[in-house]
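Spelled out from the first residue to the last, the chains are:
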Amino acid sequence: MNARTTRFLALPIALLSLAASAAGDASPHSVGTPLCPARSTLRSCSAAAAEDGQGRGGCPPRQIADAASRESPRRSNQIPSRSERDELSNDDLDRVLKVTRPTTDFSKAEQFEAMSGGATTTIASIDEKVFSQLLANLPFEAEQNFKLGKALFEKLWVSSPSSTQASDGLGPLYNARACASCHPRDGRGRPPEGAVADATSMFYRLARPPRDAAERQMIAAHEVLNFPDPVYGAQMQDSAVPGLAAEGRIVITYEEVPVTLSGGEPVTLRKPHYAVADLGYGAMDPETTLSPRVAPAMIGLGLVEAIHEADILANADPDDRNGDGISGRAALVRDRQSGAVTLGRFGWKAQSPTVLQQAADAFAIDIGISTPGLDLSHGDCTAAQAACLRLPTGVQPRVGPVEAPDPVLGLVTFYSVSLAVPARRKASFPETLKGKRLFYEAGCPACHTPKYVTRRDAAHTEVAFQLIWPYSDFLLHDMGEGLADGQPVGIANGREWRTPPLWGIGLTRTVSGHTFLLHDGRARNFAEAVLWHGGEAEMARNAFAAMSGDDRKALLTFLESL
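As the structure is a prediction and not an experimental result, all values here were calculated from the model. (Residues numbered from 1 in each chain as written. Predicted model: local features only at pLDDT ≥ 70, side-chain atom pairs only at ≥ 80, totals over all residues. Heavy atoms only, no water.)

Trainee: Any details on the nonpolar core? Residues and values, ideally.
Mentor: Counting 61 residues, the largest nonpolar core has Trp 157, Phe 363, Ile 367 and Trp 503 as its most contacted members. The set of elements that each furnish at least two residues to this core consists of helix 6 (143–154), strand 1 (173–174), helix 9 (301–305), helix 11 (355–367) and helix 13 (408–417). Broken down by element, the residue count for this core peaks at eight residues, all from helix 11. Core analysis: the second largest hydrophobic core is formed by 53 residues, Phe 439, Ala 442, Ile 505 and Ala 529 among them. (Core = buried A, V, L, I, M, F, W, Y, C linked by side-chain atoms within 4.5 Å. Buried < 20%, exposed > 50% of the residue type's maximum accessible area, 1.4 Å probe, protein only. Helix = DSSP H or I, 4+ residues; strand = E, 2+ residues; numbered from the N terminus.)

Below, the structure written as structure tokens:
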């Protein structure tokens, strides 16, 4: 193993010995390869490029990556036109259209329905570690990078300067010391309350509206997503390194909202009210909005990245031309790596186009660690926080210009895209099938699109041409005033959210130890989550509320099986 990689890992000797066998300049096909560069990710490449040679373990062949970099239009404002599956033959396209057509037969489970991630699906034991399994078809030679990425994902960073130079650079302001702190066991975060009062896996995004035509043009041109608070930046950090004041802390109070369902069943929703306390650097801008977010589960990200743009864009209906009340919009965002405007598909507002960019943002803003993907060695410190900017960083020129140089970001990205989706439970049981029928009849699939077939030319054969069942259209939808955060992000307005995938949602309690749902964890169970749906989803919400008690139970049983 090269010295630069060893610096960033605190691994068992056995694993270090395994990794050491990878030293050298082996080709991308070599079993003993590759501690890959940060730009590596499960991204699309042309069929010709894929046939020319495919990298393993998160590393596309350098010539392909270099060509993609050269050919990408820097600062282009045009999203490529994707009106069809341009990588498929006519026969393949017919097969895809047939297998992804919505079912009308609820007497039995669909073929392969229990395998939510296709051939990548894990059938590991259902326990708290089930979200941490690698893709079932990942080749043995790629497991090394998966394990190294996992070690870095769980790594605790410390402040600079430190005797442990492999781990310094934290903050100076931060929300968490490790990726796994926000995503425990690769699962869902939770709001602070009761015996779990810390807010490690929940934070406030901060933003103010544009103030003039120039700022509005920056958003329209996808140069920025929004504008941070002038003092507190893009996110409120509730932790700081020794000697520096934290920015503040989250304060949440809940108002009880009674709801009566069909048959007289009472349900109490809790409406959150958000505030800040103990601000360390003076007042926030009066126009700054607080958008609470809990960390989502990590499973299936590589499969989502392998969905063809055409299949997502085909469901967009921003003007509701079909009159069904659903008007999903595609989130267009700037890919920092290529400079091009492309489809956003990750994050609560679909603000990230790739897993790599999402990971780089998390390193910089959540932890305060700079990477080649986002060089912010002082994290989210602003010009108004002079004491923060005076503190030393963890940059060491002998290993690179950032605190976590290559291959750290690439390995964490590879780990993230290689986490498998668990197999369904009880998919063919009568109660589950009844609930599935009711899910369809209520109109839920209008946003929670059940299935896709991934790209045939995905950069990694493991995720290519897989029938997958994420139950999301990955589009932005107006979810009503009840769920509105009032904070625009790119083209998403303050009432819009990306449809979250539902796969694995029934295992939330098993993995994360709770059942808090929605973007801020306000819903304590599936029923509350459904009842918070408004806007474009209000008809589906009302259909659920109008069901008999037995029918509602069946629909919830279906959700539990996902």
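Trainee: Talk me through the packing of aromatic side chains; I want residue IDs and the actual numbers.
Mentor: Enumeration according to the criterion identifies 11 aromatic pairs in this entry. Both rings, one in Tyr 232 and one in Tyr 281, keep their centres 6.2 Å apart while their planes meet at 75 degrees; by these two values the pair is edge-to-face. Placement of the pair is Tyr 232 in the loop between helix 8 (213–220) and strand 3 (239–240) and Tyr 281 in the loop between strand 5 (266–277) and strand 6 (289–294), with a sequence separation of 49 residues. Under the relative-accessibility criterion, Tyr 281 is labelled partly exposed at 21%. With centroids separated by 5.9 Å and ring planes inclined at 80 degrees, the aromatic side chains of Phe 439 and Tyr 471 adopt a geometry described as edge-to-face. Of the two residues, Phe 439 sits in helix 14 (residues 430–441) while Tyr 471 sits in the loop between strand 10 (467–468) and strand 11 (476–478), which places them 32 residues apart along the sequence. The two residues Phe 439 and Tyr 471 agree in class, both being buried. (Phe/Tyr/Trp six-rings, centres within 6.5 Å; stacked < 30°, edge-to-face > 60°.)

Trainee: Pulling in residues and values, what's your account of the pattern of salt bridges?
Mentor: Tallied over the entire structure, the rule returns 29 salt bridges. In this structure, Glu 110 engages Lys 436 in a salt bridge whose closest nitrogen and oxygen atoms are separated by 2.7 Å. Taken together, the residues Glu 110 in the loop between helix 5 (90–99) and helix 6 and Lys 436 in helix 14 connect sequence positions 326 residues apart. Comparing Glu 110 with Lys 436 shows no difference in burial state: the two are buried. For Arg 522, the salt bridge goes to Asp 520, with nearest N and O atoms at 2.9 Å. (Salt bridge = Lys/Arg side-chain N within 4 Å of Asp/Glu carboxyl O.)

Trainee: Quick rundown of the packing of helix 6 against helix 13? Include the residues and the values.
Mentor: Remark: helix 6 packs on helix 13, axes separated minimally by 7 Å, with the N-to-C direction vectors making an angle of 105 degrees. Relative to helix 13, helix 6 is oriented roughly perpendicular. Counting all contacts with helix 6, which are made through Asn 145, Phe 146, Leu 148, Gly 149, Lys 150, Leu 152 and Phe 153, the residues of helix 13 involved are Val 408, Leu 411, Val 412, Phe 414, Tyr 415 and Ser 416. A class-by-class count of the residues in the contact of helix 6 with helix 13 yields nine nonpolar, three polar and one charged. (Axes fitted to C-alpha atoms, helices over the stretch in contact; angles between N-to-C directions. Parallel < 35°, antiparallel > 145°, perpendicular 65-115°, else oblique. Contact = heavy atoms within 4.5 Å. Nonpolar A, V, L, I, M, F, W, Y, C, P; charged D, E, K, R; others polar.)

Trainee: Could you give me a rundown of the state of the cysteines, with the residues and numbers involved?
Mentor: Here, disulfide denotes a covalent bond that connects the sulfur atoms of two cysteines. A full pass over the atoms with the stated rule returns one disulfide. One disulfide bridge connects Cys 381 with Cys 388, the sulfur atoms lying 1.6 Å from each other. Counting only cysteine sulfurs, Cys 447 is the nearest neighbor of Cys 444, a cysteine outside any disulfide, at a range of 8.8 Å. Look at Cys 444 and you get buried, because its relative accessible area is 17%. (Disulfide = S-S within 2.5 Å.)

Trainee: Tell me about the packing of helix 11 against helix 13, and name the residues and values.
Mentor: Interaxial distance between helix 11 and helix 13 falls to 9 Å at its minimum, and their mutual angle equals 120 degrees. Between helix 11 and helix 13, the crossing angle belongs to the class labelled oblique. The handedness of the crossing between helix 11 and helix 13 is right-handed. Every residue of helix 13 that contacts helix 11 at Val 355, Leu 356, Ala 359, Ala 360 and Phe 363 is listed here: Val 408, Leu 409, Val 412, Thr 413, Ser 416 and Val 417. When its residues are assigned to classes, the contact of helix 11 with helix 13 shows nine nonpolar, two polar and no charged. (Left-handed = near helix turned anticlockwise from the far one by under 90°.)

Trainee: Explain helix 6 to me, using residue names and the numbers behind them.
Mentor: Between its first and last C-alpha, helix 6 extends 16 Å over 12 residues, near the 16 Å set by a 1.5 Å rise per residue. Among the residues of helix 6, Gln 144, Asn 145, Phe 146, Leu 148, Gly 149, Ala 151, Leu 152 and Phe 153 are the ones counted as buried. (Expected span 1.5 Å × (residues − 1).)

Trainee: Explain unusual backbone geometry to me, and be specific about the residues and the numbers.
Mentor: The bulk of non-glycine residues show a negative phi, and the bulk of peptide bonds are trans. The peptide bond linking Gly 171 to Pro 172 adopts the cis configuration, its omega dihedral lying at 10 degrees. Note that the residue after Asp 406, namely Pro 407, is joined by a cis bond; omega there is 10 degrees. Along the chain, Pro 407 falls in the loop between helix 12 (386–390) and helix 13. Unlike most non-glycine residues, Asp 278 shows phi in positive territory, near 55 degrees. By the element assignment, Asp 278 lies in the loop between strand 5 and strand 6. Phi is positive for Ala 350, which is not a glycine, with a value near 55 degrees. Its place among the elements puts Ala 350 in the loop between strand 8 (341–344) and helix 11. Owing to a relative accessible area of 1%, Ala 350 belongs among the buried residues under this scheme.

Trainee: Would you mind going over the pairing of strand 8 in detail, with residue names and values included?
Mentor: Bridge analysis of strand 7 (residues 331–334) against strand 8 gives four bridges, and the strand direction is antiparallel. Bridging from a neighbouring strand, Leu 332 pairs with Leu 343 of strand 8. The turn linking strand 7 back onto strand 8 is made up of six residues, and Gly 339 within it adopts a positive phi angle of 85 degrees. (Pairing = 2+ DSSP bridges.)

Trainee: Can you tell me about the environment of Ala 554, naming the residues and giving the values?
Mentor: By the secondary structure assignment, Ala 554 is in helix 18 (residues 549–561). With 119 residues separating them in the primary sequence, Ala 554 and Gly 435 have C-alpha atoms 4.3 Å apart. The contacts of Ala 554, once residues within four sequence positions are left out, are Glu 431, Lys 434, Gly 435 and Leu 438.

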